[in-house]
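These are the residues of each chain, in order.
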Amino acid sequence: MDPMLIGLVAGLVGLALGTFGVLAYRVSERQRQLLDVDTEEPALPPGAAEVLAVVGRAFVVVDAVDGVVRASPAAYAYGLVRGHTVVHKELLDMTAGVRRDGVILEKQLELPRGPLGQGTIIVQIRAAMLGEEYILLLADDRTEITRTEEIRNDFVANVSHELKTPVGAISLLAEALESSADDELAVRRFAKRMHKESGRLAALVQDIIELSRLQGASVAQQGRPVDVNAVIAEAVDRSQLPAESKNIRIVVGGRTDAKVFGDQDLLVTALRNLIDNAIRYSPENTRVGIGVRSREGLVSISVTDQGEGLSPEDQERVFERFYRVDSARSRHTGGTGLGLSIVKHVASNHGGEVTLWSQPGQGSTFTLRLPEMEGQDGGEQPDPASAPTAPAAAGSRKSPDEPHVTQGPGAAGATERGATA
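Please read all numbers here as calculations on a predicted model, not as lab measurements. (Residues numbered from 1 in each chain as written. Predicted model: local features only at pLDDT ≥ 70, side-chain atom pairs only at ≥ 80, totals over all residues. Heavy atoms only, no water.)

With respect to the overall build of the protein
Stage number 1. For the protein, the count of helices and strands is 13 helices and 14 strands.
Stage number 2. Long-range pairs, those at least 24 residues apart, make up 67% of the contacts in the protein with a sequence separation of at least 6.
Stage number 3. Surface exposure of the protein reaches about 23,300 Å², of which carbon and sulfur atoms provide 55%. (Helix = DSSP H or I, 4+ residues; strand = E, 2+ residues; numbered from the N terminus. Contact = heavy atoms within 4.5 Å. Areas by Shrake-Rupley, 256 points an atom, 1.4 Å probe, with all protein chains shown as cover.)

Structure follows, in structure tokens:
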């Protein structure tokens with residue numbers, strides 16, 4: 001065959017293949033563009049992203065299949081979103097309701113904070129349509145507000161309950177006194193009991209007033225330098241009468257030149273409550289030890305009793321208002337259940353803490369820790385012999401002539417013996 005003919009045929013075939021390839025490429029490109037247009041997600045409404053950025057709440061934007069399109073850092077912190085998934089079924093139920101009915105839904109939900117543990121978060125959720133395809137979830141954390149309201153309501157209920165007991169007892173005793181007017185012994189007995197119940201009522205009212213005053217006090221604005229040794233001396237002096245009634249010695253060990261910044265009257269009240277608490281729960285003819293030391297910028301005042309000690313279960317709850325380890329015994333001793341709550345508030349208002357070390361059968365040690373006032377020359381370091389030491393075994397108590405000031409390894413945040421006034 002003629003070579004020119006062969007070359008011509010080959011050229012025509014190559015041209016045809018090239019033309020076919022170009023047409024195929026153009027058809028493929030057109031189909032891809034059509035596919036991209038069909039699968040492109042609808043954009044957020046104009047300005048929505050900017051508004052969400054400054055809304056001040058946690059937010060989550062989900063698409064038609066509840067996939068997370070956008071979420072704020074707070075939404076992840078609250079545990080509402082994990083990856084690109086809404087975690088809680090309650091939120092998905094709200095998005096389904098909005099998608100179905102086209103209305104705005106708002107609920108307050110208590111949701112688990114994480115996959116482990118019992119922690120919860122209380123959030124106010126508002127769900128609404130955002131454009132044609134998206135749903136917006138706005139979350140407002142109301143955990144602290146809700147729990148504060150619960151504490152306030154519980155406090156009012158507890159106060160009402162506690163006040164009813166002495167008021168009811170006084171009323172019954174008054175009726176008994178009236179009906180026994182001709183019986184001199186009965187009159188004296190009922191009058192004595194009325195005097196005791198009225199004393200309990202007065203102590204309870206005073207503690208409630210004191211606790212309310214503490215919650216509104218501003219130590220930062222009203223405080224001044226306070227001599228810790230003077231606080232201890234005044235608190236011990238105020239506690240001498242109940243101590244003498246049980247033949248209990250109050251032994252003070254150690255001194256410090258460090259001062260704290262705060263309210264001296266409040267600090268005296270807190271320490272007196274700790275000492276009175278130790279006296280109430282110590283047997284007769286024993287002693288209550290008070291130790292003070294200054295170390296690493298903190299002044300520590302420890303109060304040790306020789307009582308029965310506390311179980312771990314009781315140690316978890318003794319900071320609660322009106323909590324009593326032994327309600328019957330506390331009523332007999334006149335405790336109101338608010339004393340240690342007052343101590344806790346005083347410590348908190350002064351930037352400090354109150355901790356507890358206790359073991360059943362070995363007594364309890366309460367330690368009030370307060371920051372030293374800045375700008376002073378420095379406190380005197382106490383002699384090691386006067387510093388609290390670990391408690392001895394039950395059968396190896398110190399001799400009666402030695403100060404009994406035990407200090408255990410109580411950690412910050414531990415709680416105390418049932419509150420007393």
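Moving on from the model shown.
Notes on the pattern of salt bridges
Stage number 1. Enumeration according to the criterion identifies 8 salt bridges in this entry.
Stage number 2. Ionic pairing is found between Arg100 and Asp101, a salt bridge with its closest N-O pair at 3.3 Å.
Stage number 3. For Arg238, the salt bridge is made with Glu234, and the minimal N-O distance between the two is 2.6 Å. Here Glu234 and Arg238 lie together in helix 8 (residues 228–238), a separation of 4 residues that amounts to about one turn. (Salt bridge = Lys/Arg side-chain N within 4 Å of Asp/Glu carboxyl O.)

Concerning a nonpolar patch on the surface
Stage number 1. There is a patch of nonpolar side chains on the surface, built from Leu5, Leu8, Val9, Leu12, Val13 and Leu17 and spanning about 560 Å² of accessible area.
Stage number 2. Within the secondary structure, Leu8 is located in helix 1 (residues 3–39).
Stage number 3. The class of Leu8 is exposed, set by a relative accessible area of 51%. (Patch = residues over 30% accessible without salt bridge, like charges linked within 9 Å, V, L, I, M, F, W, Y side chains within 5 Å. Buried < 20%, exposed > 50% of the residue type's maximum accessible area, 1.4 Å probe, protein only.)

What about the side chain of Asn229?
Stage number 1. Mapping Asn229 onto the fold places it in helix 8.
Stage number 2. In terms of polar contacts, Asn229 uses its side chain to reach the backbone carbonyl oxygen of Thr256, at 2.5 Å.
Stage number 3. Setting aside anything within four residues of it in sequence, one finds Asn229 in contact with Arg255 and Thr256. (Polar contact = N/O pair within 3.5 Å; in protein donor to acceptor, adjacent residues only side chain to side chain.)

Thoughts on the nonpolar core
Stage number 1. Formed by 38 residues in total, the largest nonpolar core has its most connected members in Ile232, Leu271, Ile275, Ile290 and Val303.
Stage number 2. Those elements giving two or more residues to this core turn out to be helix 8, helix 10 (264–280), strand 11 (287–295), strand 12 (298–304), helix 13 (339–349), strand 13 (353–358) and strand 14 (364–371).
Stage number 3. For this core, the element with the highest residue contribution is helix 10, accounting for 9 residues.
Stage number 4. Setting aside anything within four residues of it in sequence, one finds Leu271 in contact with Val231, Ile232, Ala235, Ile301 and Val303. (Core = buried A, V, L, I, M, F, W, Y, C linked by side-chain atoms within 4.5 Å.)

Details of the sheet that holds strand 7 (residues 134–141)
Stage number 1. The strand order across the open sheet formed by 5 strands is 2-1-7-6-5, and the pairing between neighbours is antiparallel. Pairing within the sheet leaves two strands with one partner each, and these edge strands are strand 2 (68–71) and strand 5 (105–112). Strand after strand, the sheet turns through a mean of 25 degrees between neighbouring axes, direction not considered.
Stage number 2. Examined bridge by bridge, strand 6 (residues 120–130) and strand 7 share 8 bridges and lie antiparallel to one another. Bridge pairing in strand 7 links Arg126 to Leu138. (Pairing = 2+ DSSP bridges. Axes fitted to C-alpha atoms, helices over the stretch in contact; angles between N-to-C directions.)

Quick notes on the packing of aromatic side chains
Stage number 1. Under the defined criterion, the tally for this structure stands at 0 aromatic pairs.
Stage number 2. Against the face of Phe190 rests Arg189, its NZ or CZ located 5.0 Å from the ring centre. (Phe/Tyr/Trp six-rings, centres within 6.5 Å; stacked < 30°, edge-to-face > 60°. Lys NZ or Arg CZ within 6 Å of the ring centre and 35° of its normal.)

Section: the packing of helix 8 against helix 10
Stage number 1. Where helix 8 contacts helix 10, the axes come no closer than 8 Å and their chain directions differ by 50 degrees. Comparing their axes, helix 10 and helix 8 come out oblique. With respect to the hand of their crossing, helix 8 and helix 10 are arranged in right-handed fashion. On helix 10, the residues touching Ala230, Val231, Ile232, Glu234, Ala235, Val236 and Arg238 of helix 8 are Gln264, Leu267, Val268, Leu271, Arg272 and Ile275. (Parallel < 35°, antiparallel > 145°, perpendicular 65-115°, else oblique. Left-handed = near helix turned anticlockwise from the far one by under 90°.)

Quick word on the sheet that holds strand 13
Stage number 1. One open sheet holds the 5 strands; their spatial order is 9-11-12-14-13, and the pairing between them is mixed. Two strands close off the open sheet at either side, each with one partner strand: strand 9 (249–253) and strand 13. Across the sheet, the mean angle from the axis of one strand to that of its neighbour is 15 degrees, orientation sign disregarded.
Stage number 2. Bridge analysis of strand 12 against strand 14 gives 7 bridges, and the strand direction is antiparallel. From the neighbouring strand, Ser300 faces strand 14, where its bridge partner is Arg369.
Stage number 3. Here helix 8 sits on the sheet in contact with strand 9, strand 11 and strand 12, set at roughly 170 degrees to strand 11.

Re the pairing of strand 6
Stage number 1. Here strand 6 lies mainly inside the structure; 8 of its 11 residues are buried.
Stage number 2. Here strand 6 hands over to strand 7 after 3 residues, with Gly131 in that stretch at a positive phi of 75 degrees.

Some points on the confidence of the model for the protein
Stage number 1. In the predicted model, the protein carries a mean pLDDT of 75, and 72% of its residues have values of at least 70.
Stage number 2. Ignoring residues within four places in sequence, the model shows residues 36–41, a span with pLDDT below 50, making 1 contact including any to other chains.
Stage number 3. In the model, residues 378–421 has pLDDT below 50 throughout and makes 141 contacts with residues more than four positions away in sequence or in other chains. (pLDDT = per-residue confidence, 0-100.)

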